[in-house]
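What follows is the residue order along each chain.
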Amino acid sequence: MRPPFLRIRSVRQKLFAGVLLTSFAALLVTGIALFIYDVRTYRESIARDLEVQAELIGRATSAALQFDDVKFAADNLALLSARPSIRAAALYNARGAIFAMYLPAGAERKDLPPLPGADSMVFSGAMITVFHRIVENGEIVGTVYLSAVYDLRGRALSYSAIVLAVMLASLIVALIFTYWLQAGISKPIIEIAALARRTTKSARSCSPSTTCSRRSSGARRSSRNRPASSTG
Amino acid sequence: MALRHALIAAFVVAASLGSAAGESAPAIQDRIKAAFLYKFAGYVEWPREAFGDAASPIVIGVASAGTVAEELEQAVAGRHIGERQLRVRRLLRADMRCDGCQILFVGPDVEPARAALLLENARGRPVLTVTDSDAEQPHGSVIHFVVDADRIRFDIAREAEDRNGLRLASPLLAVARRVKARTP
């Protein structure tokens with residue numbers, strides 16, 4: 001059994017269906033490719049972004065760690081409130097004790113590791129954590145800890161919604177263009193088909209004894225050669 | 001014999017713990033000041049003429065009878081700032097200047113007249129002068145230690161910094177308790 005669109009008999013509708021199906025297939029493949037690319041780059045970009053953030057905090061607070069200025073360090077960490085994705089941050093001194101911390105609403109001190117780790121980046125469920133050592137003149141003066149949301153599911157959902165919306169808009173545009181262009185393509189075919197129908201009809205109306213017998217044989221040939229499907 | 005060794009070990013451990021726990025506040029402060037002194041070097045840009053060559057060490061002259069010099073000698077052992085080694089030079093009571101020093105520390109126990117002379121002799125030369133006293137920051141001192149809420153902090157005088165041809169990095173200025181601006 002053929003799919004519904006193949007059972008369409010009209011050339012105009014077939015053209016419509018063909019263009020839309022081709023556009024949809026192209027958009028779907030492009031959308032899937034973009035989705036996969038985005039998911040992959042999202043992970044890399046969020047990791048790089050957090051690493052840069054940790055590096056910046058390290059540079060900004062290096063002097064505070066070396067000269068024991070807790071307030072300056074805490075003020076610097078407090079700037080992270082501009083980034084809601086950061087769920088906890090801490091600075092550890094060279095002895096491994098917590099020197100300053102940033103805990104937004106909902107976060108608690110127990111969310112912070114009691115001791116700093118080596119330079120690392122860990123993805124765990126919907127979270128990403130970073131340890132970044134602060135080195136000055138070859139000496140570790142402290143460690144930055146950052147914990148941020150890694151919402152891959154939310155990102156995938158919103159990206160899917162965008163891709164679907166773009167596909168829908170593209171299909172609508174394709175539909176309008178098809179409607180506009182198909183007039184130039186199908187109109188001559190429709191006119192030929194109409195002429196053929198008229199010819200067939202007039203041939204049938206002639207009796208064999210009349211003078212239109214030669215024309216009717218031609219019309220019969222034309223009728224035999226006519227395609228099975230309707231063209232109108 | 002084993003018991004004797006165990007007793008000696010226990011005594012050594014107890015003595016070391018006792019000395020750490022019973023360390024006086026001035027001794028701890030001297031240790032912190034010593035740490036600050038060599039760390040300052042990482043935030044100062046000296047003019048080229050301050051050093052003999054690219055491999056010349058950064059010399060920290062210490063004019064103080066306190067434990068800062070001793071703490072500093074221990075702290076700088078094996079440390080470098082960039083490519084330069086750190087060295088400590090203890091100044092004698094008769095020394096009124098510190099030729100070849102890049103940092104000069106004048107402790108609180110130095111007589112005011114000698115302290116003033118040491119600072120005066122460093123004036124206009126590429127020397128980071130660091131002072132420590134209960135009084136106001138003396139004239140010619142670039143960095144002055146203060147105790148603020150039981151913490152060692154420091155003030156910076158930018159005019160003295162300019163006069164000695166030094167450039168202090170902004171992170172150091174940011175963590176200073178007070179930065180005395182240049183007079184127009």
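From a predicted model like this one, the values you see are computed outputs, not experimental measurements.

### Describing the confidence of the model for chain B
All names here are of chain B.
Then, in step 1: Here chain B shows a mean pLDDT of 87. Residues at 70 or above account for 88%.
Then, in step 2: Confidence, expressed as mean pLDDT per element, reaches its minimum in chain B at helix α1 (residues 2-21) with 43 and its maximum at strand β5 (residues 103-106) with 97.
Then, in step 3: Across residues 1-20 the pLDDT falls below 50, and counting only partners more than four positions away or on other chains, this stretch makes zero contacts in the model.
Then, in step 4: Model confidence for the complex is summarised by a pTM of 0.71, with the ipTM given as 0.80.

### What to know about the sheet that holds strand β3 (residues 80-81) of chain B
Residues and elements named next belong to chain B.
Then, in step 1: Spatially, eight strands are ordered β3-β4-β2-β5-β6-β7-β8-β10 in an open sheet, and the strand pairing comes out mixed. The open sheet has two edge strands with one neighbour each: β3 and β10 (178-180).
Then, in step 2: Bridge count for strand β2 (residues 58-63) against strand β4 (residues 84-90) is five bridges, and the pairing is parallel. Across the sheet, V59 pairs through a bridge with R87, a residue of β4.
Then, in step 3: Against the sheet, helix α4 (residues 112-122) makes contact with β2, β5 and β6 (128-132), and its axis sits at roughly 165 degrees relative to β5, the strand it touches most.

### What to know about the sheet that holds strand β3 (residues 120-124) of chain A
Residue and element names in this part refer to chain A.
Then, in step 1: The five strands lie next to each other as β2-β1-β5-β4-β3, forming an open sheet whose pairing is antiparallel. Strands at the two margins of the open sheet, each flanked by one partner only, are β2 (98-102) and β3. Taken pair by pair, the neighbouring strands of this sheet meet at an average axis angle of 15 degrees, ignoring direction.
Then, in step 2: Where strand β4 (residues 127-136) lies against strand β5 (residues 139-149), ten bridges are found, and the strand directions are antiparallel. Across the sheet, the residue bridging to V135 is I140, located in β5.
Then, in step 3: Against the sheet, helix α2 (residues 70-78) makes contact with β1 (86-93) and β2, and its axis sits at roughly 30 degrees relative to β2, the strand it touches most.

### Some details on the pattern of salt bridges
Then, in step 1: Inspection of every chain in the model, using the stated rule, returns 21 salt bridges over all chains.
Then, in step 2: Note that A:R83 is salt-bridged to A:D49, the shortest N-O span being 2.5 Å. Of this pair, A:R83 sits in the loop between α2 and β1 while A:D49 sits in helix α1 (residues 11-66), placing them 34 residues apart in sequence.
Then, in step 3: A:R83 sits in the partly exposed class, given a relative accessible area of 21%.
Then, in step 4: What makes A:D49 partly exposed here is its relative accessible area of 34%.
Then, in step 5: In this structure, B:E136 engages B:R178 in a salt bridge whose closest nitrogen and oxygen atoms are separated by 4.0 Å. Placement of B:E136 in the loop between β6 and β7 (143-148) and of B:R178 in strand β10 is noted, with a sequence separation of 42 residues between them.
Then, in step 6: Within this structure, B:E136, B:D155, B:R177 and B:R178 form a network of salt bridges that share partners.

### Section: the interface of chain B and chain A
Then, in step 1: Contacts between the two partners involve 17 residues from chain B and, on the opposite side, twelve residues from chain A.
Then, in step 2: Between chain B and chain A lies a buried interface of about 1,200 Å² when both sides are counted; carbon and sulfur atoms form 53% of it.
Then, in step 3: Taken as a group, B:Y43, B:R151 and B:V175 account for 40% of the area that chain B buries against chain A, more than any other trio of residues on that side.
Then, in step 4: Across the salt bridge formed by B:R151 and A:D68, the nearest N and O atoms sit 2.9 Å from each other.
Then, in step 5: Where chain B packs against chain A, one counts seven residue pairs in polar contact (both at pLDDT 80 or more).

### Observations regarding the pairing of β4(B)
Residue and element names in this part refer to chain B.
Then, in step 1: When β3 meets β4, the two strands line up antiparallel, connected through two bridges. Its bridge partner lying in β4, H80 is registered against Q85.
Then, in step 2: Taken together, β3 and the strand that follows it, β4, pair antiparallel across an intervening segment of two residues, in which G82 is found at a positive phi of about 65 degrees.

### Regarding the nonpolar core
Then, in step 1: Formed by 68 residues in total, the largest nonpolar core has its most connected members in B:F40, B:W46, B:L128 and B:F154.
Then, in step 2: Take this core: its biggest share by element is nine residues, from α1(A).
Then, in step 3: The contacts of B:F40, once residues within four sequence positions are left out, are A:F67, B:L128, B:V130, B:I143, B:F145, B:F154 and B:L172.

Calculation notes
- Residues numbered from 1 in each chain as written.
- Chains lettered and ligands numbered in written order.
- Predicted model: local features only at pLDDT ≥ 70, side-chain atom pairs only at ≥ 80, totals over all residues.
- Heavy atoms only, no water.
- pLDDT = per-residue confidence, 0-100.
- Helix = DSSP H or I, 4+ residues; strand = E, 2+ residues; numbered from the N terminus.
- Contact = heavy atoms within 4.5 Å.
- Pairing = 2+ DSSP bridges.
- Axes fitted to C-alpha atoms, helices over the stretch in contact; angles between N-to-C directions.
- Salt bridge = Lys/Arg side-chain N within 4 Å of Asp/Glu carboxyl O.
- Buried < 20%, exposed > 50% of the residue type's maximum accessible area, 1.4 Å probe, protein only.
- Buried area = accessible area lost by both parts, 1.4 Å probe.
- Polar contact = N/O pair within 3.5 Å; in protein donor to acceptor, adjacent residues only side chain to side chain.
- Core = buried A, V, L, I, M, F, W, Y, C linked by side-chain atoms within 4.5 Å.

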